[in-house]
Amino acid sequence: MKKTQWLISGVLTSLVAGTTLSGCSQAQDLPPVPEDTDCSDWEWDDDDGVWQCDDTRSSYYGHFFYGGMFFRSKSSLLNSSAYKSYKSSSSFKSGFGSGSKGGFGG
């Protein structure tokens, strides 16, 4: 019985370690979280390859962030010429092209 518990413990430890490692590499591949004091909760939108503000107390709640600019709706983001260029490039979702300029878009 002790061997079975030891095997199960080893398998679970391996699974947890593997999940942790793969999670770290994914986070390293993302562009840095925007450093904006008006939003304290950023969520990565994997489909669009951008950050989205998920802070319900923020005036930017639901806004998308790309290239140093906030977009109040997905349609304004998708219509941005800079975003269209990024989405069609080989660097899409890899973190390149996410500037740190200030401003508001959309």
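Throughout, residues of each chain are indexed from 1 in the direction in which the sequence is written. Local features in a predicted model are, by the rule used here, given only for residues with pLDDT of at least 70; side-chain atom pairs are given and counted only at 80 or more, and totals for whole chains, interfaces and linings are based on all residues. Water and hydrogen atoms were dropped before computing side-chain values, which therefore reflect all heavy atoms in the structure.

Caption draft 1: Looking closely at the overall build of the protein. Helix and strand assignments come from DSSP, with helices taken as H or I runs of at least 4 residues and strands as E runs of at least 2, each series counted from the N terminus. When you go through the protein residue by residue, the secondary structure sums to three helices and five strands. Order of helices (α) and strands (β) in the protein, N terminus to C terminus: α-β-β-β-β-α-α-β. When accessible area is computed with a 1.4 Å probe and restricted to protein chains, residues below 20% of their type maximum are described as buried, those above 50% as exposed, and intermediate ones as partly exposed. Looking at the 106 residues of the protein, the share that counts as buried comes to 29%. Contact between two residues is taken to exist if any of their heavy atoms lie within 4.5 Å; hydrogens are not considered. Within the protein, residue pairs in contact and separated by at least 24 positions form 42% of the contacts whose partners lie at least 6 positions apart. For accessible areas, the Shrake-Rupley method is used with a probe of radius 1.4 Å. Any residue's cover is judged against the shown protein chains and nothing else. Total accessible area computed for the protein in this model is approximately 7,200 Å², and 56% of it derives from carbon and sulfur atoms.

Caption draft 2: Looking closely at the side chain of Asp55. In this structure, Asp55 sits in the loop between strand E2 (50–53) and strand E3 (64–66). For this analysis, a polar contact is any N or O atom pair within 3.5 Å, provided that within protein one partner can donate a hydrogen and the other can accept it, and provided that sequence-adjacent residues contribute only side-chain to side-chain pairs. There is a polar contact of 3.0 Å between the side chain of Asp55 and the backbone nitrogen of Arg57. When residues no more than four places from it in sequence are discounted, the contact partners of Asp55 are Asp38, Cys39, Ser40, Asp41 and Tyr61.

Caption draft 3: Broad picture of the packing of aromatic side chains. Here a Phe, Tyr or Trp ring, Trp counted by its six-membered ring, pairs with any other such ring whose centre lies within 6.5 Å, and the pair is stacked when the planes are under 30 degrees apart, edge-to-face when over 60, and tilted otherwise. Evaluation of the coordinates by the stated rule reveals eight aromatic pairs. With 5.1 Å between their ring centres and 70 degrees between their planes, Trp44 and Trp51 make a pair best called edge-to-face. One exposure class covers both Trp44 and Trp51, and it is buried. For the pair Tyr66 and Tyr83, a centre-to-centre distance of 5.8 Å together with 80 degrees between the ring planes defines the contact as edge-to-face. A residue pair is termed long-range when its members are at least 10 positions apart, and Tyr66 in strand E3 and Tyr83 in helix H3 (residues 81–87) qualify at 17 residues. Look at Tyr66 and you get buried, because its relative accessible area is 8%. Looking at Tyr83, the relative accessible area reads 1%, which means it is buried.

Caption draft 4: Region of interest: the pattern of salt bridges. We count a salt bridge whenever a side-chain nitrogen from Lys or Arg sits within 4 Å of a carboxyl oxygen from Asp or Glu. Enumeration according to the criterion identifies two salt bridges in this entry. Note that Asp55 is salt-bridged to Arg57, the shortest N-O span being 3.8 Å. On the basis of relative accessible area, Asp55 is assigned to the buried category, the value being 8%.

Caption draft 5: Here's a closer look at the state of the cysteines. Cysteine sulfur atoms that come within 2.5 Å of each other are treated as a disulfide pair. Applying the stated rule across the entire model yields one disulfide. Across a sulfur-sulfur distance of 2.1 Å, Cys39 and Cys53 are joined as a disulfide pair. On the sign convention where negative is left-handed, the bridge of Cys39 and Cys53, at about 105 degrees about the S-S bond, is right-handed. Here Cys39, found in the loop between helix H1 (2–29) and strand E1 (42–45), pairs with Cys53, found in strand E2; they are 14 residues apart in sequence, far enough to count as distant.

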